Amino acid sequence: MAPSAAAQRIVIENCAIATVDADDTEYASGYLVVADNRIESIGAGRAPEGLENVVRRIDGTGHLVTPGLVNTHHHFYQWITRGLATDHNLFNWLVALYPTWARIDEQMGRVAAQGSLAMMARGGVTTAMDHHYVYPRNAGDLSGAIIGAASEMGVRFTLARGSMDRSKKDGGLPPDFAVETLDGALSATAETVDRFHDASFGSMTQVAVAPCSPFSVSTELMKQGAELARSKGVRLHTHGSETVEEEQFCKELFGMGPTDYFESTGWLGQDVWMAHCVHMNDSDIAAFARTGTGVAHCPSSNARLAAGIARVPDMLKAGVPVGLGVDGTASNESGELHTELRNALLINRLGAHREAALNARQALRLGTYGGAQVLGRAAEIGSLEAGKLADFVLWKLDTLAHASIADPVTALVFGAAAPVTASFVNGKQIVEDNRLLTVDEDAIARATRDEAQRLARIAAQG
């Protein structure tokens, strides 16, 4: 689609560029031209002469420009329960925190979403997602509050509308008062899709169907959730193969491992992505590759909960789409995605492939194009190419922290967390010098502290 004659242009010059396109094209010194909300041109050297309606020129000297980071797994509400249950494995951690989480309300959800989104956006995330599956009775409009927070911040967003209907009385982990009924969960999910999902090119808000996990969801909710998603034309998301305990749970309850269980319920396919996928054998990886099922790799959370090391190099070799996820900030307190580039590389090098596991450019691809693939938006975002949406980041690499690292992509991935001079979504700047332009960060900090204290008081009362 060619820009209109009246298109307003932004020109960035004199910067290193990593496009993360199919050929991993890079420019040691190049330019990027944005026309309204699309990338118009990109290349080496100076921008073309004679461009009309140039409203802004940015000198990118000392910077690396990359696609905006894409977060593929998160739980925003956990922002107000950080720093708890710090020495637990997954199942014990869930049992410890479910009673608190089951008391969140709309105001808490809104403020927690603001905190989670702000922490990611100021660090280069331009597309985020939230897997929200805790819907206590009479809690208010939690989905609307979360989507409203993303809209206010100017971040491209997918709400994975989660659900749970398997509580303790049915052999699950959540307390009985923390779950929905099967019909209630399906009805509320359908309503959320109808109310918020925008399938158009350049959409700022999309919705996925996302029952929580095999140990908190009935088989009927998994099956009917998949049918609902496909009838609505939206994607499917859940947790899968996160821990050894989950694998044992599935074998005891369903008589098969997680991947076979997912396939039996309609949960493998090009429209599906799963979080974690730590404990995958060769057959599991082959099934994901054969069906095009995606993976959200969450290295810091996997380490925090002692879940293990996902076989990311083997997944990539097999052709499985893989992106990066922060995961909830109760299991990754930093709440940042740009640090996951480094952590994904380092943690995977502790596995069987050692130094050959991942390199810097593969890590950057996981956090950009890989994430776009997983969310079903690779035709729109994830790489810097003419015609794609203008979601990009200028990373400052000429300070003490990076100045002695010659290769800019190596500096970004291996070095300290790089400052974000500017971040753009849809051609609009949302971050300047690591500060959000769209919201008041200090007000969000105060609100999240207050809501965390309020939730703690309510949970203490039982």
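Rules used throughout
Residues numbered from 1 in each chain as written. Predicted model: local features only at pLDDT ≥ 70, side-chain atom pairs only at ≥ 80, totals over all residues. Heavy atoms only, no water. UniProt positions renumbered as here; feature names shortened; annotations may be inferred. Helix = DSSP H or I, 4+ residues; strand = E, 2+ residues; numbered from the N terminus. Buried < 20%, exposed > 50% of the residue type's maximum accessible area, 1.4 Å probe, protein only. Pairing = 2+ DSSP bridges. Expected span 1.5 Å × (residues − 1). Bend = angle between axes of the 7 residues up to and from the residue. Polar contact = N/O pair within 3.5 Å; in protein donor to acceptor, adjacent residues only side chain to side chain. Phe/Tyr/Trp six-rings, centres within 6.5 Å; stacked < 30°, edge-to-face > 60°. Lys NZ or Arg CZ within 6 Å of the ring centre and 35° of its normal.

S.K.: Looking at this model, I keep getting lost on the UniProt feature "domain: Amidohydrolase-related" (unreviewed entry) in the chain. Mind explaining?
M.R.: On the UniProt side, "domain: Amidohydrolase-related" (unreviewed entry) is annotated at positions that read residues 64-429 here. Taken end to end, residues 64-429 is 39% helix and 16% strand, and its two terminal C-alpha atoms sit 16 Å from one another.

S.K.: Looking at this structure, I do not really get the pairing of strand β15 (residues 420-425). What am I missing?
M.R.: A regular strand places its side chains on the two faces of the sheet in alternate fashion. The buried fraction of β15 is high, at six of six residues. Of the pairings in the sheet, the one linking strand β14 (residues 392-396) to β15 comprises four bridges and is antiparallel in character. Looking at the pairing, Leu 394 lines up with Ala 422 of β15. In this structure, β15 lies alongside strand β16 (residues 428-432), joined through four bridges in antiparallel fashion. When the bridges of β16 are listed, Ala 422 appears paired with Glu 432. Taking the residues that link successive antiparallel strands as the turn, the β15-β16 hairpin has two residues, and the phi of Asn 426 there is positive, at about 60°.

S.K.: Sorry, what's going on with helix α12 (residues 360-374) here?
M.R.: In an α-helix there are 3.6 residues to a turn, and that puts residues three or four apart on one side. Given a rise of 1.5 Å per residue, 15 residues ought to cover 21 Å, and the 20 Å separating the end C-alpha atoms of α12 matches this to within 8%. The largest bend in α12 amounts to roughly 45° and is located at Leu 366. Within the span of α12, buried status applies to Ala 360, Ala 363, Leu 364, Leu 366, Gly 367, Thr 368, Gly 370, Gly 371, Ala 372 and Val 374. Measuring from the side-chain oxygen of the N-cap residue of α12 to the backbone nitrogen of Arg 361 gives 3.1 Å; that N-cap residue is Asn 359. Directly beyond the C-terminal end of α12, a positive phi value near 75° is found at Gly 376.

S.K.: Help me understand the packing of aromatic side chains, please; the structure alone is not making it clear to me.
M.R.: The description of two aromatic rings rests on the distance between their centres and on the angle between their planes. Throughout the structure, instances matching the rule amount to ten aromatic pairs. Seen in terms of ring centroids, Tyr 98 and Trp 101 are 5.7 Å apart; in terms of plane orientation they differ by 90°. Their pairing is edge-to-face. With Tyr 98 and Trp 101 both in helix α1 (residues 90-101) and three residues apart, the pair spans about one turn of that helix. Ring geometry for Phe 254 versus Tyr 261: centroids 3.8 Å apart, planes at 5°, classification stacked. Summarising the burial analysis for this pair, Phe 254 and Tyr 261 share the class buried. Among the aromatic residues, those joined into a ring-pair cluster are Tyr 77, Trp 93, Tyr 98, Trp 101 and Tyr 133. One Lys or Arg, Arg 82, reaches over the ring of Trp 79 and ends 3.8 Å from the middle of that ring. Taking the ring centre of Tyr 135 as reference, the NZ or CZ of Arg 161 above it sits at 3.5 Å.

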